[in-house]
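The residues making up each chain are set out below.
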Amino acid sequence: QVQLVESGGGLVQAGGSLRLSCAASGRTFSSGSMGWFRQAPGKQREMVARITSGGSTNYADSVKGRFTISRDNAKNTVYLQMNSLKPEDTAVYYCAARDNIRLALSPREWDYWGQGTQVTVSS
């Protein structure tokens, strides 16, 4: 059974930093993609960043230059370093994985999901 377990969310002031982690168990995604999505109240879930097994990355325009996604294939773990946080970054952040390296912005194209972790940025 595949499990994705996120950690690292919390409350931070605007301008601060947080680092999210997502550990996968049950199988590896050594030939696929892992990513982070977020969903704010009343809004659709959106992709924040994703990384392929080869290390290629993509970011939402709203987080470029502030967030960095990375992965440790040996640990089957993906990270999201979030700097210069803004109140509009407040959301539940979800880890996701899929068996394909093709860029997929829609949550429907991702196969596995974590339970989510709350990130709240105060002004």
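To be clear, the structure that these remarks concern was listed above.
Remember, it's a predicted structure, so these values are computed and weren't measured experimentally.

Student: So what about the pairing of strand E4 (residues 33-39)? Which residues, and what values?
Tutor: Along E4, 6 of the 7 residues are buried, which leaves the element largely enclosed by surrounding structure. What sits between E4 and strand E5 (residues 46-52) in their antiparallel hairpin is a turn of 6 residues, with Gly-42 showing a positive phi close to 75°. Bridging between E4 and strand E9 (residues 91-98) involves 7 bridges; their strand directions are antiparallel. Looking at the pairing, Trp-36 lines up with Cys-95 of E9.

Student: So what's going on with the pattern of salt bridges? Residues and values would help.
Tutor: For the structure on display, the rule yields 6 salt bridges. Residues Arg-27 and Asp-99 are paired through a salt bridge, measuring 2.5 Å at the closest nitrogen-oxygen approach. Taken as a pair, Arg-27 in the loop between strand E3 (18-25) and E4 and Asp-99 in the loop between E9 and strand E10 (112-113) lie far apart in primary sequence, 72 residues in all. Judged by relative accessible area, which is 28%, Arg-27 ranks as partly exposed. Between Asp-89 and Arg-38 there is a salt bridge, and its shortest N-O distance comes to 2.9 Å.

Reading the values: the criteria
- Residues numbered from 1 in each chain as written.
- Predicted model: local features only at pLDDT ≥ 70, side-chain atom pairs only at ≥ 80, totals over all residues.
- Heavy atoms only, no water.
- Buried < 20%, exposed > 50% of the residue type's maximum accessible area, 1.4 Å probe, protein only.
- Helix = DSSP H or I, 4+ residues; strand = E, 2+ residues; numbered from the N terminus.
- Pairing = 2+ DSSP bridges.
- Salt bridge = Lys/Arg side-chain N within 4 Å of Asp/Glu carboxyl O.

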